[in-house]
Amino acid sequence: MRSVLSIQSWVAYGHVGNASAVFPMQRLGVDVWAIHTVMFSNHTGYGKWRGPVFPAEQVRETFEGIADRGVLDRCDGVLSGYMGDAAIGEAILDAAVRVRAANPAALYCCDPVIGDVGRGVFVRPGIPEFMKSRAVPAADIVTPNQFELEYLAGVEIRTLADAARAADAVHAMGPATILLTSLRHEALAKDRIAMMVSHRGRRFAVETPMLDVSVNGAGDAIAALFFVHFGRTRDPKAALENATASIWGLLKRTEEAGTREIQTVAAQDEFVAPSRRFDAVAV
């Protein structure tokens, strides 16, 4: 991948949204064109933050400025994450349509941020419905966590077979590639966690040790890493293994640092030369 348009939130302190996704892609040699949907002092998990939410029109204007440069044919993909409201979501989908028109080989990767296990839905009313009816069907790749895949598919995931059924339901909505970024199932040891990729009838899962870390922004980094590796190789198994190795190394460094902010800069070598690798298996 040469260039990726990433439309997400931004924080000045810490790493979530674009502040989590942009740097890993840059370290992998990708030219990232970042459009921010908010400019917050820090992520909202602190309970207090400052800064503006940008209106959808500002997102559109910024995109038009990029289009004015005549470079959309050089954009190999569009990446989106948290959408503050449906208007911003529509602006993102319009940008993806324009990029694909200029470069038919470009991919749209949507991280359908809706909620998480233990937290439930944490986005504004209407966003889950927008993700399900508009964003996910428009995407080539989606990267839900387990809670989000269950919501999108209407399937409770207890086993690997359940995860496969849920993936099939979402494939039927449009996306060819699904990365399940967190997976806990009955056959998995309590000290392990898994990820699974489903792509055109092929499925692979990878297990890693569970780390004692709870941070914001890890999902944003996973989506970005997988998107770049898949975009370059079009190999779901290799992309899963590469993204898993990097994110595990990043979270391991974060665990060692004992901080609630992921160590994106300190662990940057993990993006290009992971310290530990994990093999994915067909499921």
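Residue numbers here run from 1 along each chain, matching the order of that chain's written sequence. This being a predicted model, a pLDDT of at least 70 is required before a residue's local features are given, and a value of 80 or more before pairs of side-chain atoms are given or counted; all residues contribute to the totals for chains, interfaces and linings. Side-chain metrics rest on all non-hydrogen atoms present in the structure, leaving aside hydrogens and water.

S.K.: Looking at this structure, how should I read the overall build of the protein?
M.R.: In terms of helices and strands, the protein carries nine helices and 11 strands. The size measure is the radius of gyration over C-alpha atoms, and the globule rule it meets is 2.2 Å times the number of residues to the 0.38 power. In terms of overall dimensions, the protein is globule-like: its C-alpha atoms have a radius of gyration of 17 Å, near the 19 Å expected for 283 residues. Across its three principal directions, the C-alpha atoms of the protein cover 50 × 40 × 35 Å. Burial classification: accessible surface area is computed with a 1.4 Å probe over protein chains only, and a residue below 20% of its type maximum counts as buried, one above 50% as exposed, and the rest as partly exposed. Going through the 283 residues of the protein one by one, you find that 54% of them count as buried. Counting from the N terminus, the helices are the DSSP runs of H or I reaching at least four residues and the strands are the DSSP runs of E reaching at least two.

S.K.: Got a minute to help me understand the packing of helix H5 (residues 146–153) against helix H6 (residues 160–171) in this structure?
M.R.: Contact geometry of H5 with H6 gives a least axis separation of 9 Å together with a crossing angle of 60 degrees. Comparing their axes, H6 and H5 come out oblique. Helix-helix and strand crossings are classified by hand; for H5 and H6 the assignment is left-handed. On H6, the residues touching Leu 149, Leu 152 and Ala 153 of H5 are Ala 163, Ala 166, Ala 167, Ala 169 and Val 170. Grouping the amino acids of the contact of H5 with H6 by side-chain chemistry returns eight nonpolar, no polar and no charged. The convention used is that axes are lines fitted to C-alpha atoms, helices contributing only their stretch in contact, and that angles between N-to-C directions extend from 0 to 180 degrees. For classification purposes, angles smaller than 35 degrees are called roughly parallel, those larger than 145 roughly antiparallel, those between 65 and 115 roughly perpendicular, and all remaining angles oblique. For any helix crossing, the convention is left-handed if the near helix is rotated counterclockwise from the far helix by under a right angle, and right-handed if that rotation is clockwise. In this description, contact between two residues means that some pair of their heavy atoms is separated by no more than 4.5 Å. Basically, the charged four are Asp, Glu, Lys and Arg, the nonpolar ten are Ala, Val, Leu, Ile, Met, Phe, Trp, Tyr, Cys and Pro, and anything else, Gly included, counts as polar.

These results come straight from atomic positions and should not be treated as a statement about function.
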